[in-house]
Amino acid sequence: MTITVENLSYSYKNQPVLKQVTFRAEPGMTAVLGPNGVGKSTLFKCMLGLEKGYSGSICFGTQETSDLSPRQLAGIAAYIPQSSHPTFGYRVFDVVLMGTSGRLAPFSVPGKREHQAACQALETVGIAELAQRDYRKLSGGEQQLVLIARALAQQTEVLIMDEPTANLDYGNQIRVLETVQSLAKQGYTVLMSTHNPQNALTYADRVLALYRGRVQADGAPREVLSGTLIRTLYGIETNVEGDFIIPGRSRT
Amino acid sequence: MKRNRAVWKLGGLVALLMALFLLSFLLGRYPVALDDVLRSFIGREQDTSVSAVVLQIRLPRILLACLVGACLSMAGTAYQGVFQNPMAAPDILGASSGAAFGAALAILMGLSGQWITLLAFAGSLLAVLAAYLVGQRAKGYKVVNLVLAGVMVSSLFSAGTSYLKLVADPGSQLPEITYWLIGSLAGAEMPQIKMALIPMVLGTVPLLLIRWRINVLTFGDEEARTMGVNASRVRLVVIICATLLTASSVSLSGMIGWVGLVIPHLCRRFIGNDYRHLLPASLLVGAAFLLLVDNFSRSLLATEIPIGILTALVGVPFFIYLMLGEERFT
């Protein structure tokens, strides 16, 4: 599904956070890149219908989000937070099952179809063996995979992820990113924010760089990611050599 | 918790409650045998004094204990979910003191019956919403904020109730109000119980229907919304229902503490946190617990021990056990 965002502006307490943001995201992985506090999370909240007072338009396919109810929106786009801490401990299977809630009538409990969706989501992410474990007792990386499975159980075409690797150790970062990449290859439209340009370069099909609320760059990672862009975003010197971003001044 | 195992556990609880229900008829000064009880139920008991003891004295009291226990415990379980707070309970949120104030006000104004329940509900709802709004806006640790806000609201309503006692007619109204505040199941009468059954059912049925969505709310409002669950609407429905349960039980039996905090946690340990099983379990365990405690209350000593004292005696040590236990509690 194609996401089209046009002239999106948003202010918080008279401070502009997003200014005239315009972009398109196609199926595949789009990395939203930028330092902390440039409006990545705000952009996602607007797209998910969690922030209302914006101007401009956000369309999933041909549907304008402002015309959709939260339930309809939940049928189109699923959200994967950076981390999630429920008040009480739930079994992993039940956490994933909660992804199906939007499709249920308000006064019903998940049935056979929902259980199948949850099983399949666990299989797709490759964590079926965790199904009976207590979510709160898993490692951060495993929790993140459970949240991805929960989003898949929601059966949407769009996945929106807010820095899914921010709290993870190196191994789990790679594990999560590879999972996300394989989902993007299966045809999901993935929007993933990250502050790590190397992750964007290695895994994304497209990079959308935000800086001070504006789109600074938008295009294929190898074309867009340059020493100049990274200097603008983060104020540091780097060299981009092939698929690698190497910190430090140029040695040539 | 596997689904089937949870269903078996619920079945076990139903059987336990039913056994306890029948055995409770045997307790008391007038000796009654189990077959007397069963005969009285189907109207075949020849000895009218036996059937009078069973149906007119013991039945109302036993029913009342079950209903009040079930209501308070379900209310606590529901509050904990929608406030995302393991410390939430009717007594801690101020729901009970709000209800007591409303009931006292109704007595002072000379109202009776459904009006007492209605005013208790109004006071209770006011207290919970005040505690929620204050706790929500305060900065810092949300679990503690809600508890502190509840303590403040509680104390405000208790002050109000004290004033009502002061201006109440010492001959007739004051004893009635005082009785409410102590919390007792001794005044059980069938017509009152039947009347309270309406708000109790009105509170229970929506809660049971919406119970899956309470799970989703424990992940926070934003996540719930992105999963297609309207968090504020679910919360409002649950608050109204749980408060209705609190108010109708307070207007029947006064303030009985600890049931709404301790039983939900006992059930969480027993059957897990999934509200699909947790809510029915807290209904059953709450009913069984208060019935059991009330049996002690009326048979342990020659004079009756007020039930509120006994629930505290049982509740507090269990709560300390939870706090000091291996599992993280808040």
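As the structure is a prediction and not an experimental result, all values here were calculated from the model.

1. Structural notes on the sheet that holds strand 8 (residues 189-194) of chain A
All names here are of chain A. If you trace the six strands from one edge of the open sheet to the other, you get 6-7-8-3-9-10, paired in mixed fashion. The sheet is open, and its two edges are formed by strand 6 (77-80) and strand 10 (214-219), each paired on a single side. Neighbouring strand axes in the sheet, compared pairwise and without regard to direction, differ in orientation by 20° on average. Two strands pair when backbone bridges link them, and strand 3 (residues 28-33) and strand 9 (residues 206-211) are joined in this way by four bridges, in the parallel orientation. Bridge pairing links Leu-33 to Ala-209 in strand 9. The sheet contacts of helix 5 (residues 140-153) involve strand 6 and strand 7 (158-162), and relative to strand 6 the element is tilted by about 170°. Across the face of the sheet, helix 6 (residues 170-185) comes into contact with strand 3, strand 7 and strand 8 while running at roughly 130° to strand 3.

2. Here's the deal with the nonpolar core
Val96(A), Ile148(A), Leu159(A), Val190(A), Tyr79(B) and Phe83(B) are the most contacted members of the largest nonpolar core, which has 131 residues in total. Examining the composition of this core, we find that 18 residues originate from one element, helix 3 (residues 48-82) of chain B, more than from any other. Two domains each put at least three residues into this core: domain 1 (78-255) and domain 2 (260-322) of chain B. Among residues more than four places away in sequence, those in contact with Phe83(B) are Ala88(B), Leu93(B), Val128(B), Tyr132(B), Leu146(B) and Ile239(B). Membership of the second largest hydrophobic core comes to 29 residues, among which are Leu43(A), Leu50(A), Leu73(A) and Leu191(A).

3. Points about the interface of chain A and chain B
Contact with chain A, which involves 40 residues of that partner, is made by 31 residues of chain B. In total, about 3100 Å² of surface goes out of reach between chain A and chain B, with carbon and sulfur atoms giving 57% of it. Linking chain A with chain B are three salt bridges. Note that Asp94(A) and Arg276(B) form a salt bridge whose closest N and O atoms lie 3.2 Å from each other. For the side of chain A that touches chain B, the elements supplying multiple residues, two or more each, are helix 2 (70-74), strand 6 and helix 3 (92-97) of chain A. Broken down by class, the residue content of the side of chain A that touches chain B amounts to 19 nonpolar, 13 polar and eight charged.

Reading the values: rules and limits
- Throughout this description, residue numbers start from 1 for each chain and increase along the sequence as written.
- Labels follow written order: the first chain is A, the first ligand is 1, and so on.
- At least 70 in pLDDT is required for a residue's local features to be given in this predicted model, at least 80 for side-chain atom pairs to be given and counted, and no such filter applies to totals for whole chains, interfaces and linings, which use all residues.
- With hydrogens and water set aside, each side-chain value is computed from the structure's full complement of heavy atoms.
- Strand pairing is assigned whenever DSSP detects at least two bridges linking the two strands.
- Under the DSSP-based scheme used, a helix requires at least four consecutive residues in state H or I and a strand at least two consecutive residues in state E, with every element numbered from the N terminus.
- Each axis is a line fitted through C-alpha atoms, and for a helix only the stretch in contact is used; angles between axes span 0 to 180 degrees, taken between their N-to-C directions.
- Here, residues are in contact when the closest pair of their heavy atoms is within 4.5 Å.
- By convention a nonpolar core is built from buried Ala, Val, Leu, Ile, Met, Phe, Trp, Tyr and Cys residues, the set being connected through side-chain atoms within 4.5 Å.
- The buried label applies to any residue whose accessible area, calculated with a 1.4 Å probe on protein chains only, is under 20% of its type's maximum; exposed applies above 50%, and partly exposed to all values in between.
- Start and end positions for the domains come from either an automated domain assignment or a database one.
- Note: buried area is the sum, over both parts, of the accessible area (probe 1.4 Å) each one loses when the two are combined.
- We define a salt bridge as a contact between a side-chain nitrogen of Lys or Arg and a carboxyl oxygen of Asp or Glu at a distance within 4 Å.
- Each residue is assigned to one of three groups, with Ala, Val, Leu, Ile, Met, Phe, Trp, Tyr, Cys and Pro labelled nonpolar, Asp, Glu, Lys and Arg labelled charged, and all others, Gly among them, labelled polar.

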